[in-house]
Amino acid sequence: MKIEQIILEKNIPCQMRDGVTLYADIYRPNIEGKFPVLLTRLPYNKDLPFYSHRYLDTNRLVQNGYIVIIQDVRGRFASEGQFYPFIYEAEDGYDTVEWAASLPYSSGEVGMFGLSYYGFTQLLAATEKPPHLKAIAPAMTLSDWRNNSIESNGKFLVGSSETWALESVAPDELKRKYGNTEEFAAMMDKTAEFYNQIEEWYRFKPINKWPPLKELGVANYFFDLLDSDTNEFNWNRASIIEEYENIQIPALHIAGWYDNFLQPTIQNYSEIKKKGHSSQKLIIGPWGHGVFSNQLGERNFGIHASGDWIDQKEDLTDLHIRWFDKWIKGKETVSDQEAPIQIFVMGINQWRNENEWPLARTNYTPYYFHSEGNANTRFGDGKLSMEKPVNDTCDTYLYDPSNPVPTSGGGTLFAGVQTMGPRNQCKIEEREDVLVYTSEPLQKELEVTGPIKIRLWAETDAKDTDFTAKLIDVLPDGTAYNLTDGIVRAKYRNGEKEEEGIQAKIIQYEIDLWATSNVFLPGHRIRVEISSSNFPRFDANLNTRESMINSEEFITAKQIIYHNEEYPSHIILPVIPEREKGV
């Protein structure tokens, strides 16, 4: 029976174990009976439909026999307490799940849904094993706050960190600090002024004195994150890396090829499954963060790429209803024979089911860099082929931290132009500090699906530096769309421990480009870009072993990229054999 009327209860209190009260809105069927609960917990204001309902039709969830609860997390909007991202969400999530299960109209069974921050609130709650939490659906989310959204193996994520603090966190903190006063209005005007100039503020250094937040006096966590002496206890509370074995419930993981949390979302799926809970499902579309449209950046992937019409069958709300009907209501809506993975293959723009990740039938194929020493810009002589180099001349370029290569698309999440998704890289490829290696036009289709890495032999005259890479699909008309990218910081090339002595040495670097799924069509070419910056997605390396976080001083670095018999720099592409493309 479909529910026709919905009761909305506003600002219902829920007390945490330490006495702090959080407030939630409850949407429930206007009929007698007890119903399972679907809960989401967010920091972006439960009263705003864009955030609180976002990509799901929550009314339809209620109409299909669920209670929907949307809660402001601790210290945000209606809820009491002090906000500090993520560190309270495991315990608060446990307490809220058990409270929801005890409501008089609740059946006692609870699921959770939500993306990004409120995807991670689900996973953190699940680590505490609340008895009444039966299933979750985390979309486009983290595995470790510090190393997913603040930094990436030593590289500070300038754009996303500063945007989130100023745009998402600051306004509510100012409201709490000043109330509805003229001073609050003045501070919000100042916030707007900072935000309107944020692309200029990305360049400010040292970041640990960043004026927009210093002058506003809010989001103090931001400066804690920049302090290496800050108590690690807080960061451990905002990570599930060591907690996967405690997540013992079914989880529907949703990701996007151009999402800034693609890698951690795949990691969450893989690690939870590896730890013994087989009831995991992974869906990856051609989407950006929180964007489920069939159009992203400068490309259109066809109507069935949209979250409103996945694979001609259902939208994201239908998908969630099927998921929770199976694991909460016990309906046979998700067949045991249904493949656990569904991916969208770009290029041919088709959905496909798979049984594992990475795909077992993958042929990991190296494509080598070649040139006569002039691979600078797309007009140079850089080539890409399966033939190993022998006596190629190395390529050189100068990396100037004051003029970094600008971010243009990709898996990004920050304010500004040319952000997120596939974008034509031709303008970027006219820079002398960008090396470009391009294959001959393909004679037949080539599918690349899976994790991608670059093995790079390079030398620098600096004490520290970065090397960046992009994988590009070049169309017959020359348009060059980015598929995925990566970066390595020399002193962190082997992990979190700082390495010494890179200056004037030929060193092998591995650059992780995360993953993609794309068919390079006949007439298209495969391209790899190599450079040393991607700003403001990542901070510009100052080449001094100091960073933009605590220093203003920089030097220019001479970079040498080798590709010969002894140092065969190459990209490793996960090639999927013909006639074996799907299950």
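Our structure is the block above this text.
Residues numbered from 1 in each chain as written. Predicted model: local features only at pLDDT ≥ 70, side-chain atom pairs only at ≥ 80, totals over all residues. Heavy atoms only, no water.

S.K.: So what's going on with the sheet that holds strand 5 (residues 106–115)? Residues and values would help.
M.R.: Across the sheet, ten strands lie side by side as 1-2-4-3-5-6-9-10-13-14; this open sheet has mixed pairing. Whereas interior strands pair on both sides, the edge strands pair on one side only; in this sheet they are strand 1 (6–15) and strand 14 (350–354). The sheet shows a mean angle of 20° between the axes of neighbouring strands, taken without regard to direction. Pairing of strand 6 (residues 133–139) with strand 9 (residues 251–258) involves two bridges; the strand directions are parallel. Pairing of Ala139 across the sheet is with Ile254, part of strand 9. Each of strand 3 (35–42), strand 5, strand 6, strand 9 and strand 10 (280–288) touches helix 13 (residues 316–327); the most contacted strand, strand 6, lies at about 155° to it. (Pairing = 2+ DSSP bridges. Helix = DSSP H or I, 4+ residues; strand = E, 2+ residues; numbered from the N terminus. Axes fitted to C-alpha atoms, helices over the stretch in contact; angles between N-to-C directions. Contact = heavy atoms within 4.5 Å.)

S.K.: Could you give an account of the packing of aromatic side chains, naming the residues involved and the relevant values?
M.R.: Applying the stated criterion across every chain yields a total of 26 aromatic pairs. Taken together, a centroid distance of 4.6 Å and an interplanar angle of 10° make the contact between Phe369 and Tyr437 stacked. Within this pair, whereas Phe369 is found in strand 15 (residues 363–370), its partner Tyr437 is found in strand 18 (residues 435–438), the two being separated by 68 residues in sequence. Each member of the aromatic cluster is reached from another via a ring pair, and the members are Tyr44, Phe83, Tyr84, Phe86, Tyr117, Tyr118, Phe120, Trp145, Trp164 and Tyr221. Positioned above the aromatic ring of Phe83, the side-chain terminus of Arg76 is 5.0 Å from the ring centre. (Phe/Tyr/Trp six-rings, centres within 6.5 Å; stacked < 30°, edge-to-face > 60°. Lys NZ or Arg CZ within 6 Å of the ring centre and 35° of its normal.)

S.K.: Lay out empty space enclosed by the protein in plain terms, naming residues and giving numbers.
M.R.: Tallied over the full model, the rule gives four cavities of 30 Å³ or more. Taken together, Trp257, Tyr258, Asp259, Leu262, Gly410, Gly411, Leu483, Thr484, Asp485, Leu513, Trp514 and Arg537 make up the lining of the largest cavity. Among the elements of the structure, strand 9, strand 21 (480–489) and strand 22 (507–520) are those that each provide at least two residues to the lining of the largest cavity. Looking at the lining of the largest cavity element by element, the count peaks at three residues for strand 21. Across the lining of the largest cavity, the residue classes tally to six nonpolar, three polar and three charged. By volume, the second largest cavity amounts to about 70 Å³. Together, Val405, Val434, Thr468, Ala469, Lys470, Glu529, Ile530, Ser531, Ser533 and Asn534 line the second largest cavity. (1 Å grid on protein atoms, 1.4 Å probe; cavity = no way out; pocket = protein on both sides within 12 Å on 5 of 7 lines; lining within 4 Å. Points joined across faces, edges and corners; volume = space filled by probe spheres on them. Nonpolar A, V, L, I, M, F, W, Y, C, P; charged D, E, K, R; others polar.)

S.K.: Can you explain the packing of helix 3 (residues 89–102) against helix 4 (residues 117–127)? Please cite residues and give values.
M.R.: Viewed as axis vectors pointing N to C, helix 3 and helix 4 meet at an angle of 80°, and their least axial separation amounts to 7 Å. Comparing the axis directions of helix 3 and helix 4 gives the class roughly perpendicular. Here Glu89, Ala90, Gly93 and Tyr94 of helix 3 lie close against helix 4, whose contacting residues are Tyr117, Thr121, Leu124, Ala125 and Thr127. A per-class count over the contact of helix 3 with helix 4 returns five nonpolar, three polar and one charged. (Parallel < 35°, antiparallel > 145°, perpendicular 65-115°, else oblique.)

S.K.: Give a detailed account of unusual backbone geometry, specifying residues and quantitative values.
M.R.: Residue Pro206 is bonded to the preceding Lys205 through a cis peptide linkage, with omega at 5°. Inspection of the secondary structure assignment puts Pro206 in the loop between helix 8 (198–201) and helix 9 (211–216). The linkage connecting Phe535 with the following residue, Pro536, adopts the cis geometry, with an omega of 15°. Tracing the backbone through its elements, the reader meets Pro536 in the loop between strand 23 (525–531) and strand 24 (557–562). Of note in the backbone geometry, Met140 takes a positive phi value of approximately 45° without being a glycine. Here Met140 is to be found in the loop between strand 6 and helix 5 (145–150).

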